[in-house]
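Structural features, examined
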Amino acid sequence: MSTKSAELTTRFTNAGLQFDEQAGGLVRAVFSGATAAGELFLHGAHCAAWQPAGQRSVLWMSQLSYYEAGKPIRGGVPICFPWFGAHATDKAAPGHGLARLQEWELKSAQSLASGGLRLVCATELAPFQLEYAVEFDKQLKLSLTTRLGADHPTPQRFEDALHTYFSVSDIKSVSITGLENRHYIDKVGQVAERSASGGAIVFTEETDRIYPQSSESCVIHDPDWQRQVIISKSGSNSTIVWNPWIAKSARMPDFGNDEWTGMLCIETANVGSDAITLEPGQQHTTTALIAVSDLTSQ
Ligand code: BG6
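Since the model is a prediction, treat every value here as computed from it, not as a measurement.

Examining the nonpolar core
Among the nonpolar cores identified, the biggest contains 68 residues, and Y132 and L264 are the most heavily contacted of them. In contact with L264, not counting residues within four places along its chain, are T164, Y165, F166, V168, I171, V174, I176, F203, I220 and W242. Core analysis: the second largest hydrophobic core is formed by seven residues, F84, A161, I240 and A269 among them.

Thoughts on the environment of F136
Positionally, F136 belongs in strand β8 (residues 128-136). Here F136 falls in the buried class, since its relative accessible area comes to 0%. Along the chain, F136 and L278 lie 142 residues apart, while their C-alpha atoms are 29 Å from each other.

Brief notes about unusual backbone geometry
In this chain, F81 is followed by P82 through a cis amide linkage whose omega measures 0°. By the secondary structure assignment, P82 is in the loop between β5 (79-80) and β6 (105-111). With an omega of 5°, the peptide bond between A126 and P127 qualifies as cis. If you check the backbone angles, A45 has positive phi at about 45° while not being a glycine. With respect to the helices and strands, the residue A45 is situated in the loop between β3 (36-41) and β4 (46-52). Overall, A45 belongs to the buried group, its relative accessible area being 0%. With a phi angle near 65°, H96 is a residue other than glycine that sits in the positive phi range. One can find H96 in the loop between β5 and β6. Residue H96 is classed as buried on the basis of its relative accessible area of 14%.

Procedures and definitions
Residues numbered from 1 in each chain as written. Predicted model: local features only at pLDDT ≥ 70, side-chain atom pairs only at ≥ 80, totals over all residues. Heavy atoms only, no water. Core = buried A, V, L, I, M, F, W, Y, C linked by side-chain atoms within 4.5 Å. Buried < 20%, exposed > 50% of the residue type's maximum accessible area, 1.4 Å probe, protein only. Contact = heavy atoms within 4.5 Å. Helix = DSSP H or I, 4+ residues; strand = E, 2+ residues; numbered from the N terminus.

None of this, on its own, says anything about what the molecule does.
In structure tokens:
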């Protein structure tokens, strides 16, 4: 164990947290409690695992993820901030912003009465201060709070996304409800606005959609695993749904060629026309709450 992992283990031992390091030297917090197990990397404040007791793991991780400073982790919950996708003007700027590439500080780890754990991480990305609270419990609660300093001279705009990767039994047999009545921006091929489909989302090809003005909950229906995953949210007006399918998977070096069959992303976000503008001294919190409904016990 490195000095940093050992120090953190000593500091947070009361909360039942252990720390270790991946090959690339990234420090990981590992929790195993009565209601859930979870993992969080300080690199990007990246939640990499959540498994409610008695359930399968809910978050998906790529077998080919990088675990290196300067590179995003593939899977779990990357935090996209302060921009989503490509930077509006700077082609050299990294996709999905800087927050997922940055080392965050673990501020606190607090046991919950339920037996779960609440972690709070923080970082700064000028001119914003970020705080990220993660609760590993029967439900997974992720809350990203962005503050603009009171002495900042002008309002500032940002985009954010809790880019959650979910494990599914088979992408061809799952569906998503909750967005039936929402129009969307289709990012596959020529970017185009499409009207609401009226039906559940099913996956038959590369899917990359931004649903603006969508604050409702979504449900992943996974009949083969006999479970539903319910994603509720607050402070988020955009939802992104993504599966790279065959060709895009093959183009991504940190994504296995066959891994697209076992994952999908539903992202809790504020992007494009839903981007947030903060006045000096203001703050905004984007929250995702994820729960599993086990249909075998009903
Ligand atoms: C999604 C985008 O949010 O993230 C996709 O809508 C993108 O277009 C995907 O491919 C993964 O992005 P990245 O930068 O992590 O490879």
